[in-house]
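Structure at a glance
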Amino acid sequence: MRFDLWQSVRLLAACFLLSLCATSILAQTHVVSQADIHKELVNTAQTRQQNLEKTRRLFSSDETRKAMEAAQISPEKVDAAVSTLSDDELARLASRADKLDQDFAAGRLSDRDLLIVIVGAAAILLIIVAARS
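Anyway, here's the lowdown on the structure attached to this text. (Residues numbered from 1 in each chain as written. Predicted model: local features only at pLDDT ≥ 70, side-chain atom pairs only at ≥ 80, totals over all residues. Heavy atoms only, no water.)

1. Points about the overall build of the chain
Our working rule: Strands are runs of DSSP state E lasting at least two residues, helices are runs of H or I lasting at least four, and both sets are numbered from the N terminus onward. When we talk radius of gyration, it's over C-alpha atoms, and the globule rule is simply 2.2 Å times the number of residues to the 0.38. Relative accessible area decides the class of each residue, using a 1.4 Å probe on protein chains only: under 20% of the type maximum gives buried, over 50% gives exposed, and in between gives partly exposed. Residue contacts are defined here by distance: any two heavy atoms, one from each residue, within 4.5 Å place the two residues in contact.
Tallying secondary structure elements over the chain gives 6 helices and 0 strands in all. Each helix and strand of the chain, placed in order from N terminus to C terminus, yields the pattern α-α-α-α-α-α. In terms of C-alpha radius of gyration, the chain reaches 29 Å, well past the compact-globule figure of 14 Å for 133 residues. Based on the C-alpha atoms only, the size of the chain along its principal axes is roughly 95 × 30 × 20 Å. Buried positions account for 21% of the 133 residues belonging to the chain. Sequence-distant contacts, at least 24 apart, represent 72% of the contacts inside the chain between residues at least 6 apart.

In structure tokens:
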């Protein structure tokens, strides 16, 4: 009986060690490499930074700031609200900012039209951020 008990203990210990080694080996095998994850994180951060710059540039001109203040929209609140947008929201707003720049450069929008659109966008931005809070 004593022999069977020791044999069972050894078998159990061997199974435990085998499962521990297998778990360790499987844990080290990743579908996506660390380098790929790091690269994707860096790309995402760079894209967000570019979108922030495009959006802030849209609201940063002196005429735009004067128009927002005339509409009783705080430029500081708009700047703060831009930072709280999700990546998707920020990408959409940056895309619209690019379109406005292109339309203005092509002469499809006058200065007055551009200011009205920007003040409207700032108001909508503040409403979205206030609704999420």
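Now that the structure has been shown, the text picks up again.
2. What about the layout of surface pockets?
Just so we agree on the cut-off: Whether a set of points on the 1 Å grid over the protein atoms alone is a cavity depends on a 1.4 Å probe fitting there but being unable to get out, while an open set qualifies as a pocket with protein on both sides within 12 Å along at least five of seven lines; lining residues are those with an atom within 4 Å of a point. Grid points are joined across faces, edges and corners, and a volume is the space filled by probe spheres set on the points. Gly is placed with the polar residues, together with every amino acid not listed as nonpolar (Ala, Val, Leu, Ile, Met, Phe, Trp, Tyr, Cys and Pro) or charged (Asp, Glu, Lys and Arg).
In this model, the largest pocket occupies a volume close to 270 Å³. For the largest pocket, the lining is made up of 13 residues, of which Leu93, Arg96, Ala121, Ile124 and Ile128 are closest to its centre. When contributions to the lining of the largest pocket are tallied by element, the ones reaching two or more residues are helix H5 (87–105) and helix H6 (111–132). For the lining of the largest pocket, the leading source of residues is H5, giving 6 residues. Residues belonging to the lining of the largest pocket are distributed by class as follows: 10 nonpolar, no polar and 3 charged.

3. Regarding the pattern of salt bridges
Applied cut-off: We count a salt bridge whenever a side-chain nitrogen from Lys or Arg sits within 4 Å of a carboxyl oxygen from Asp or Glu.
Per the counting criterion, the structure on display carries 3 salt bridges. Close ionic contact of aspartate 98 with lysine 54 constitutes a salt bridge, the shortest N to O distance being 3.1 Å. Pair noted here: aspartate 98 is in helix H5 and lysine 54 is in helix H2 (residues 34–59), with a separation of 44 residues, a long-range link. Residue aspartate 98 is classed as partly exposed on the basis of its relative accessible area, which comes to 25%. A relative accessible area of 26% means that lysine 54 is categorised as partly exposed.

4. Remarks on the packing of helix H3 (residues 62–70) against H6
What counts here: Fitted lines through C-alpha atoms serve as axes, helices being fitted only where they are in contact, and the angles separating the N-to-C directions of these axes extend from 0 to 180 degrees. Roughly parallel here means an angle under 35 degrees, roughly antiparallel means over 145, roughly perpendicular means 65 to 115, and every remaining angle is called oblique. In a left-handed crossing the near helix is turned counterclockwise from the far helix by less than a right angle, and in a right-handed crossing that turn is clockwise.
Contact pair H3 / H6: the axes reach a minimum separation of 9 Å and the direction vectors enclose 60°. Relative to H6, H3 is oriented oblique. Between H3 and H6 lies a crossing whose hand is right-handed. In this structure, H3 contributes Glu63, Thr64, Ala67 and Met68 to the contact, and H6 contributes Leu115, Ile118, Val119 and Ala122. Its residues placed into classes, the contact of H3 with H6 shows 6 nonpolar, 1 polar and 1 charged.

5. A few points about the nonpolar core
Heads up, the condition is: As used in this record, nonpolar core signifies buried Ala, Val, Leu, Ile, Met, Phe, Trp, Tyr and Cys residues forming a set joined through side-chain atoms within 4.5 Å.
Membership of the largest hydrophobic core comes to 21 residues, with the highest contact counts inside it found for Phe59, Met68, Val78, Val82 and Leu125. When contributions to this core are tallied by element, the ones reaching two or more residues are H2, H3, helix H4 (75–84), H5 and H6. With 6 residues, H6 is the single largest residue contributor to this core. Setting aside chain neighbours within four positions, we find phenylalanine 59 in contact with Thr64, Arg65, Met68, Val78, Val82, Leu93, Ile118, Ala121, Ala122 and Leu125.

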